[in-house]
Amino acid sequence: MFLFHPVPSCWGGCVEVDSETEAVLGREFKIRCISCKKRGETKAVTFVEWFFRQSKDEPFKIIYFYQKSNRDIKDSRFEDLVKWNGSSNTEDLQDMSIVITNVTYEHQGEYMCRVNRTLEFETHYYNTNDTKFVTITVVAKANRDVASIVSEIMMYVLIVVLTIWLVAEMIYCYKKIAAAGEEAALENASDYLAITAETKDNCLGVQPQE
């Protein structure tokens with residue numbers, strides 16, 4: 001007898017994906033920070049702090065803080081420009097992403113996402129920390145990466161190949177149908193000639209009555 005145990009959705013639903021690193025001037029840009037729990041069934045309370053520095057020579061400065069009931073922009077350079085884009089309506093955060101709504105050159109630099117998570121067990125609490133770094137480059141115009149160019153070329157090649165194959169199939173089917181029609185016509189003509197010859201022989205065998 002088999003026993004089936006339900007698997008918590010957060011086990012299969014959380015995947016740590018790296019952030020994009022090229023932002024376009026004047027556009028919206030998402031800085032992704034995902035930190036998955038190792039044990040999905042354990043409750044947790046999480047808050048996140050975002051830090052930023054424009055160059056390696058300067059220290060990180062906190063720019064944003066988020067917890068379920070508390071969010072605060074800490075740096076005037078990001079005032080009214082940063083919005084939350086991660087997990088919502090829960091204290092158990094796993095997606096801590098933010099969005100810069102209008103990118104400027106001042107937003108170019110290195111970002112640090114520091115996740116503070118407190119796991120709740122039956123007899124005790126356990127605190128964990130996770131830190132992720134993302135270096136953002138701001139460009140005036142979006143650059144197409146090699147993968148997208150190759151994908152587009154392959155798409156057009158596939159369309160051409162399928163079109164040629166379809167035309168070849170149509171020509172083949174047309175010739176096959178035409179050949180079948182000619183064979184049927186010849187067969188019908190042979191049957192007609194055979195019937196005509198037989199009828200003529202029968203007619204020659206009939207003697208006229210006086």
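What you are looking at is a predicted structure, and each value in this text was computed from that prediction instead of being measured.

A. Highlighting the pairing of strand S4 (residues 61-67). As defined by bridge partners, strand S3 (residues 43-53) adjoins S4 across five bridges and the pair is classed as antiparallel. The residue bridging Trp50 from the neighbouring strand is Tyr64, located in S4. The turn joining S4 and strand S5 (residues 70-73), which pair antiparallel and follow one another in sequence, is formed by two residues.

B. Spatial organisation of the state of the cysteines. Per the stated rule, a full pass over the model turns up two disulfides. The partner cysteine of Cys14 in its disulfide is Cys36, sulfur to sulfur 1.9 Å. Sign of the S-S torsion, about -90° for the bond between Cys14 and Cys36, identifies this disulfide as left-handed. Residue Cys14 is found in the loop between helix H1 (9-13) and strand S1 (22-24), and its partner Cys36 is found in the loop between strand S2 (29-31) and S3; the two are separated by 22 residues along the sequence. Residue class for Cys36 comes out buried when judged on its relative accessible area of 14%. Residue Cys33 pairs covalently with Cys113 via a disulfide, S to S 2.1 Å. Across the S-S bond linking Cys33 and Cys113, the dihedral sits near -75°, which makes this disulfide left-handed.

C. Summary view of the UniProt feature "transmembrane region" (unreviewed entry) in the protein chain. Here the UniProt-annotated "transmembrane region" (unreviewed entry) positions come out as residues 153-174. Helix makes up 100% of residues 153-174 and strand 0%, whereas the separation of the span's terminal C-alpha atoms amounts to 32 Å.

D. Focus on the pattern of salt bridges. Counting across every chain of the model gives nine salt bridges. Here Asp72 and Lys74 are joined by a salt bridge, their closest N and O atoms 3.0 Å apart. Assessed through its relative accessible area of 31%, Asp72 is described here as partly exposed. When the shortest N-O distance is used, the salt bridge between Arg77 and Asp75 registers 2.8 Å.

E. Focus on the sheet that holds strand S6 (residues 82-84). Strand order in the open sheet made by the three strands is S2-S7-S6, with antiparallel pairing throughout. Every other strand in the sheet has two partners, leaving S2 and S6 as the edge strands with one partner each. On average, adjacent strands in this sheet sit at an angle of 30° to one another, irrespective of strand direction.

F. Expanded view of the packing of aromatic side chains. Under the criterion given, the structure shown has seven aromatic pairs. With 5.4 Å between their ring centres and 80° between their planes, Phe52 and Phe78 make a pair best called edge-to-face. With Phe52 in strand S3 and Phe78 in the loop between S5 and S6, this residue pair connects regions lying 26 residues apart in the sequence. Of the two residues, Phe52 and Phe78, both sit in the buried class. An aromatic cluster is built from Phe52, Phe78 and Tyr111, whose rings are joined through pairwise contacts.

Analysis parameters
- Residues numbered from 1 in each chain as written.
- Predicted model: local features only at pLDDT ≥ 70, side-chain atom pairs only at ≥ 80, totals over all residues.
- Heavy atoms only, no water.
- Pairing = 2+ DSSP bridges.
- Helix = DSSP H or I, 4+ residues; strand = E, 2+ residues; numbered from the N terminus.
- Disulfide = S-S within 2.5 Å.
- Buried < 20%, exposed > 50% of the residue type's maximum accessible area, 1.4 Å probe, protein only.
- UniProt positions renumbered as here; feature names shortened; annotations may be inferred.
- Salt bridge = Lys/Arg side-chain N within 4 Å of Asp/Glu carboxyl O.
- Axes fitted to C-alpha atoms, helices over the stretch in contact; angles between N-to-C directions.
- Phe/Tyr/Trp six-rings, centres within 6.5 Å; stacked < 30°, edge-to-face > 60°.

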